[in-house]
There are 4 protein chains.
Amino acid sequence: MTNYLIPLPPNEMAPYGAEGHWPFGYVDKVRFHELDPLQHVNNKVYFSWFETIRIRYLDALGLYGTDPTLPRIVVKSVSSDFRREMVLGEDYLVTARTASFRSTSFRMEYAVWAGDLRTTGDAVVVFLEPDGSAKRALPDDLKQRFVEVDGATSN
Amino acid sequence: MTNYLIPLPPNEMAPYGAEGHWPFGYVDKVRFHELDPLQHVNNKVYFSWFETIRIRYLDALGLYGTDPTLPRIVVKSVSSDFRREMVLGEDYLVTARTASFRSTSFRMEYAVWAGDLRTTGDAVVVFLEPDGSAKRALPDDLKQRFVEVDGATSN
Amino acid sequence: MTNYLIPLPPNEMAPYGAEGHWPFGYVDKVRFHELDPLQHVNNKVYFSWFETIRIRYLDALGLYGTDPTLPRIVVKSVSSDFRREMVLGEDYLVTARTASFRSTSFRMEYAVWAGDLRTTGDAVVVFLEPDGSAKRALPDDLKQRFVEVDGATSN
Amino acid sequence: MTNYLIPLPPNEMAPYGAEGHWPFGYVDKVRFHELDPLQHVNNKVYFSWFETIRIRYLDALGLYGTDPTLPRIVVKSVSSDFRREMVLGEDYLVTARTASFRSTSFRMEYAVWAGDLRTTGDAVVVFLEPDGSAKRALPDDLKQRFVEVDGATSN
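Definitions and limits used
Residues numbered from 1 in each chain as written. Chains lettered and ligands numbered in written order. Predicted model: local features only at pLDDT ≥ 70, side-chain atom pairs only at ≥ 80, totals over all residues. Heavy atoms only, no water. Helix = DSSP H or I, 4+ residues; strand = E, 2+ residues; numbered from the N terminus. Buried < 20%, exposed > 50% of the residue type's maximum accessible area, 1.4 Å probe, protein only. Contact = heavy atoms within 4.5 Å. Salt bridge = Lys/Arg side-chain N within 4 Å of Asp/Glu carboxyl O. Polar contact = N/O pair within 3.5 Å; in protein donor to acceptor, adjacent residues only side chain to side chain. Least-squares fit on C-alpha atoms with pLDDT ≥ 70 in both. Phe/Tyr/Trp six-rings, centres within 6.5 Å; stacked < 30°, edge-to-face > 60°. Buried area = accessible area lost by both parts, 1.4 Å probe. Nonpolar A, V, L, I, M, F, W, Y, C, P; charged D, E, K, R; others polar. Pairing = 2+ DSSP bridges. Arc of directions from axis to C-beta. Axes fitted to C-alpha atoms, helices over the stretch in contact; angles between N-to-C directions. Parallel < 35°, antiparallel > 145°, perpendicular 65-115°, else oblique.

1. Points about the overall build of chain A
Consideration 1: Regarding its fold elements, chain A presents three helices and six strands.
Consideration 2: Secondary structure elements in chain A, listed N-terminal to C-terminal, are α-β-α-β-β-β-β-α-β.
Consideration 3: Across its three principal directions, the C-alpha atoms of chain A cover 45 × 35 × 35 Å.
Consideration 4: With 155 residues in all, chain A has 55% of them scored as buried.
Consideration 5: Taking as baseline every contact in chain A between residues at least 6 positions apart, the subset at least 24 positions apart corresponds to 65%.

Here it is, written out as structure tokens:
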């Protein structure tokens, strides 16, 4: 009933000014509770948006849930770079992709578009055994998908 | 490009199980950052949703903005009653209406629907002079709209 | 090393203007992320403060933790009344008490003090069986403590 | 009445396991609302803590307030690296320093300590003219303080 968080085809990304290869996206609108005393979106809020799309992305890959055989998925580090502020009521698109991977981790990139590019970010995501005792290798079919769908590189 | 926060006609409210007269609504989906350690939507989050629709409602009434002649609008009190918990990914509808008004204040009611009624709430909203020095009377056309569109009663 | 959330004796409450019988309190200072675009503490934030002291209060009563025999504790409803706004850097005291109880629930009251009374609130807290299947009776020693320490009444 | 956000001398930092030169710090305790469904402090929360100490630090430098001659202070980018999770009720110390500066910006570093090092982070902070029209040079006495108190380097 809503297109919230449904992956968007490229022609739906264009109106937001999105450029480049982004296989996953969702659209939303800036809300009052995301503003700080400077009347713009507070910088912490972008990490909420990146988390929202990351969880949805992991879910689409079958990696989010209560199945006890799933890896424990941990965010190791995040960063964000703020290009231009956002204000109340702006319509925006958040996009995500996996840019690169190693044997037990991968790095996602995020971007926020609202006519032009407003914010970029990334997160390094690590696979652990369900009990957290050791790192777990990314399965081959996941790495293949990262390459084929997201255009990721092994490094 | 998204129907987020656009007032919904009754036939779009029905799929969420909404009942009664609600002239204003928006649809959304539960996100990870709205969950608490009990794996459900934290009770504070409903007040964010009520705030989101209240600001949008005030904006639709021409009452939100930087025009210096607008009243200062203050929330005097809020409450919420939690019927049934919500979990990650649920689609929901938030509805709002003004239920009653006095000379310088009005009481809004809110509800959250996701197949059935999950949460209700209200807020008492007060009009002040822009400098906060005194209460300001609600204009007659606003009271008329509350009666005609929202079905509000004077009390 | 910090007196954060340690219950305060009455003589430590006086500097904040607290009046009445409040057996439990903690002190803190308003932070930037608690402000909204109106440059004051957003009304949702008071519910965070009430939640913080409620969890600490439940923990002090031995009711918070992972022991599987503990009741599942559910907040049924909350409300808050805003007397006077708070701004960045203000030192404040949050106080809590159980005001009344029934067979399977109790009502807590909260207040925020910063020289004078800024905000009041309450929450109705319900005991369920650990699996959520039915309500659970409050134990007699808990009701006795509510009466003797908090001054609560049965209703 | 509380030592919240009061800069701490080195001997008060030692109990938290803090190492290195950190001229500014505050202590606090993990709250329920900072936890996510994984029962630990959500990664976004560390940016709240870094924001809290950054605002307090700017205030201590006379750079936070409503004086119209003050620069507009903008966060250009942030990052954080998560070493070990934190759970409800843990006492912690947040520390901050300016590590380096350029002509119109400086880079702050942050750390969270709770017996051992839990999280590190940084932020690049830019000075603009009050109307946002151009970058503003850092004054010489500020750069001198960064060098002498924080041990910062020019780069």
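2. Some words on the pattern of salt bridges
Consideration 1: A full pass over the atoms with the stated rule returns 56 salt bridges over all chains.
Consideration 2: For R107(C), the salt bridge is made with D122(C), and the minimal N-O distance between the two is 2.8 Å. Of this pair, R107(C) sits in strand β4 (residues 105-113) while D122(C) sits in strand β5 (residues 117-128), placing them 15 residues apart in sequence.
Consideration 3: A salt bridge links K143(D) to D140(D); its shortest N-O distance comes to 3.8 Å.

3. Details of the environment of R107(D)
Residue and element names in this part refer to chain D.
Consideration 1: Exposure remark for R107: the relative accessible area of 25% places this residue in the partly exposed category.
Consideration 2: R107 sits 31 residues away from K76 along the chain, and the two C-alpha atoms are 9.8 Å apart.
Consideration 3: In contact with R107, not counting residues within four places along its chain, are R97, T98, A99, S100, D122, A123 and V124.
Consideration 4: Of the polar contacts made by the side chain of R107, one reaches the side chain of E109; its length is 2.6 Å.

4. Re the side chain of E90(A)
Residue and element names in this part refer to chain A.
Consideration 1: Structurally, E90 can be placed in the loop between β2 (72-82) and β3 (91-101).
Consideration 2: Classification of E90 by relative accessible area gives buried; the value is 19%.
Consideration 3: Of note is the side chain of E90, whose polar atom sits 2.9 Å from the side chain of R118.
Consideration 4: Residues within four places of E90 in sequence aside, it is in contact with D28, K29, V30, E85, A114 and R118.

5. Considering the relation of the copies chain D and chain C
Consideration 1: Mapping chain D onto chain C calls for a rotation angle of 180 degrees and an axial translation of 0.0 Å; the resulting RMSD is 0.0 Å. Expressed as an axis order, the relation between the two copies is that of a two-fold axis.
Consideration 2: Interface overlap between copies is the fraction of interface residues in one copy that are interface residues in the other; for chain D against chain C it reaches 100%, indicating a shared surface.

6. Details of the packing of aromatic side chains
Residues and elements named next belong to chain C.
Consideration 1: Scanning all chains against the criterion turns up 46 aromatic pairs over all chains.
Consideration 2: Ring geometry for F47 versus F50: centroids 6.1 Å apart, planes at 85 degrees, classification edge-to-face. Remark: F50 and F47 occur in helix α2 (residues 43-60); sequence separation between them is three residues, near one turn of the helix.
Consideration 3: F50 gets classed as buried once you look at its relative accessible area, which sits at 1%.
Consideration 4: Between the aromatic rings of F106 and F127, the centroid separation amounts to 6.1 Å while the plane-to-plane angle is 75 degrees, which identifies the pairing as edge-to-face.

7. Here we look at the interface of chain D and chain C
Interface size is commonly expressed as the accessible surface area that is lost when the partners come together.
Consideration 1: The partner chain C presents 20 residues to the 20 residues of chain D that form the contact.
Consideration 2: Buried surface at the junction of chain D and chain C, both sides included, amounts to about 2,100 Å², of which 60% is carbon and sulfur.
Consideration 3: Summed over the shared surface of chain D and chain C, the number is two salt bridges.
Consideration 4: A salt bridge links D28(C) to R31(D); its shortest N-O distance comes to 2.6 Å.
Consideration 5: Inspection of the region where chain D meets chain C yields four residue pairs in polar contact (both at pLDDT 80 or more).
Consideration 6: Breaking the side of chain D that touches chain C down by element, the ones donating at least two residues are β1 (24-29) and α2 (43-60) of chain D.
Consideration 7: Element by element, the count of residues in the side of chain D that touches chain C is highest for α2(D), at five residues.
Consideration 8: The residue inventory of the side of chain D that touches chain C, partitioned by class, reads nine nonpolar, five polar and six charged.

8. Some points on the pairing of strand β4 (residues 105-113) of chain A
Residue and element names in this part refer to chain A.
Consideration 1: Here β4 lies mainly inside the structure; eight of its nine residues are buried.
Consideration 2: Pairing of β4 with strand β5 (residues 117-128) involves nine bridges; the strand directions are antiparallel. The residue of β5 that forms the bridge with Y110 is G121.
Consideration 3: Between β4 and the antiparallel strand that follows it, β5, lie three residues; G115 among them carries a positive phi value of about 95 degrees.

9. Quick notes on helix α3 (residues 140-150) of chain C
All names here are of chain C.
Consideration 1: Among the residues of α3, L142, F146 and D150 are the ones counted as buried. Down the axis of α3, the buried set is contained in an arc of 50 degrees. They therefore lie on one face. For α3, the exposed residues lying more than 90 degrees away from the buried face are D140, D141 and E148.
Consideration 2: Positive phi appears at G151, one or two residues downstream of α3, with a value of about 75 degrees.

10. Focus: the packing of helix α2 (residues 43-60) of chain A against α2(D)
Consideration 1: Following both chains from N to C, one finds α2(A) and α2(D) inclined at 175 degrees, their axes separated by 10 Å at the closest point. Relative to α2(D), the element α2(A) is oriented roughly antiparallel. Facing N43(A), K44(A), F47(A), S48(A), E51(A) and R54(A) of α2(A), the residues of α2(D) in contact are N43(D), K44(D), F47(D), S48(D), E51(D) and R54(D).
Consideration 2: For the contact of α2(A) with α2(D), a count of residues per class yields two nonpolar, four polar and six charged.

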